[in-house]
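Read off the chains here:
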Amino acid sequence: MFCSSSDRMEQKYYDRARELGEWMGRSGKTLVYGGIKCGMMEVLAQAVHGSGGRVVGVVPTGLKLRETQSDVLDVTLWCEDLTDRKVWLMQESEIVVVLPGSVGTLDEAFTVMGANQVGMHDKRTVFYNVDGFYDTLRSFLEELNGRGVVNKPWSEYVSFADTLEEVVALCER
């Protein structure tokens, strides 16, 4: 799961993260994420944990020094840095769901997408398009396809979901 660590977003984003986390917990899913106790990341982890799910945090050792890891982690996987964390997150996940986020979130998502495109894995990336947050990204990806610069159409490994029900359906297929 990739999402924002910001505490300054509109409430609707935290609400959708909480709903997703509650579904994950009730469904016996394991959350694998960055392990940090701020922003949507912590809302999601608290919801999964509080609903009976398992929470795995992949935390760079540099962040340990600032003690920013979440208190609800069932398992903490310590990694060297953010690049190392992306590798662990990709390896430990069956599917990647991307909630609204900024540069770090997009970096993580594009790393997974790029690895899929070149055949390193076949994991689907699902962008949870809360209130149209990723509409511009979807248009850009369509533009890339239209310009012929991709070897594997993104629609083969990337989906956009506008509702929790759509996210759930994509995660369960």
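The coordinates are above.
As the structure is a computational prediction, the values presented were derived from the model and not from experiment.

## Notes on the pairing of strand S1 (residues 30-33)
Side-chain direction in a regular strand flips from residue to residue, so the side chains alternate between the two faces of the sheet.
Phase 1 of the analysis: Relative to strand S2 (residues 54-60), S1 runs parallel, the two being bridged by 4 bridges. Residue pairing for S2: Leu31 is matched across the bridge by Val55.
Phase 2 of the analysis: Regarding the hand of the β-α-β motif, the stretch spanning S1, helix H2 (residues 39-50) and S2 is right-handed.

## Some words on the packing of helix H1 (residues 11-26) against H2
Phase 1 of the analysis: Remark: H1 packs on H2, axes separated minimally by 7 Å, with the N-to-C direction vectors making an angle of 30 degrees. By the angle class used here, H1 and H2 are roughly parallel. Once H1 is placed against H2, the crossing between them reads as right-handed. Here H1 contributes Tyr13, Tyr14, Ala17, Arg18, Leu20, Gly21, Glu22, Met24 and Gly25 to the contact with H2, which in turn contributes Gly39, Met40, Val43, Leu44, Ala47 and Val48.
Phase 2 of the analysis: Considered class by class, the residues forming the contact of H1 with H2 number 10 nonpolar, 3 polar and 2 charged.

## Notes on the packing of aromatic side chains
Phase 1 of the analysis: Going through the model one piece at a time under the given rule, you end up with 5 aromatic pairs.
Phase 2 of the analysis: With 4.9 Å between their ring centres and 65 degrees between their planes, Phe127 and Tyr134 make a pair best called edge-to-face.
Phase 3 of the analysis: Note on Phe127: relative accessible area 0%, which makes it buried.
Phase 4 of the analysis: Here the aromatic rings of Phe127 and Phe160 are separated by 5.2 Å at their centres, their planes lie at 15 degrees, and the arrangement is stacked. Pair noted here: Phe127 is in strand S5 (residues 125-128) and Phe160 is in strand S6 (residues 158-161), with a separation of 33 residues, a long-range link. Each of the two residues, Phe127 as well as Phe160, counts as buried.
Phase 5 of the analysis: Linked through ring pairs, Tyr13, Phe127, Phe133, Tyr134, Trp154 and Phe160 together constitute an aromatic cluster.

## Re the nonpolar core
Phase 1 of the analysis: The biggest cluster of nonpolar side chains holds 33 residues, and the ones touching the most others in it are Met1, Leu20, Leu31, Val97 and Leu99.
Phase 2 of the analysis: Contacts of Leu31, omitting those with residues within four sequence positions, involve Met1, Met24, Leu44, Ala45, Val48, Arg54, Val55 and Val56.

Rules used in this analysis
Residue positions within a chain follow its written sequence, with the count starting from 1. pLDDT decides what is reported in this predicted model: residues at 70 or higher carry local features, side-chain atom pairs at 80 or more are listed and counted, and totals for whole chains, interfaces and linings draw on all residues regardless. Excluding hydrogens and water, the side-chain figures rest on all heavy atoms present in the structure. Two strands qualify as a pair provided DSSP detects at least 2 bridges between them. Helix numbering and strand numbering both begin at the N terminus, where a helix is a DSSP run of H or I of at least 4 residues and a strand a DSSP run of E of at least 2. For the handedness criterion, the strands are oriented away from the viewer, and a crossover whose path from the first strand over the helix to the second runs clockwise is classed as right-handed. Fitted lines through C-alpha atoms give the axes, limited to the stretch in contact for helices. The angle between two N-to-C directions lies from 0 to 180 degrees. The scheme is simple: roughly parallel for angles under 35 degrees, roughly antiparallel for over 145, roughly perpendicular for 65 to 115, oblique for anything else. In this scheme the crossing of two helices becomes right-handed for a clockwise turn of the near helix relative to the far one and left-handed for an anticlockwise turn of less than a right angle. By definition, residues are in contact when any of their heavy atoms lie within 4.5 Å. Under the scheme applied here, ten amino acids are nonpolar (Ala, Val, Leu, Ile, Met, Phe, Trp, Tyr, Cys and Pro), four are charged (Asp, Glu, Lys and Arg), and all others, including Gly, are polar. Stacked, tilted and edge-to-face are the three classes applied to pairs of Phe, Tyr and Trp rings, where Trp contributes its six-membered ring and a pair requires centres within 6.5 Å; stacked means planes under 30 degrees apart, edge-to-face means over 60, and tilted covers the rest. A 1.4 Å probe rolled over the protein chains alone gives each residue an accessible area, and that area as a share of the maximum for its type sets the label: buried under 20%, exposed over 50%, partly exposed in between. Joining through side-chain atoms within 4.5 Å is the link that ties buried Ala, Val, Leu, Ile, Met, Phe, Trp, Tyr and Cys residues into a set, and such a set is a nonpolar core.

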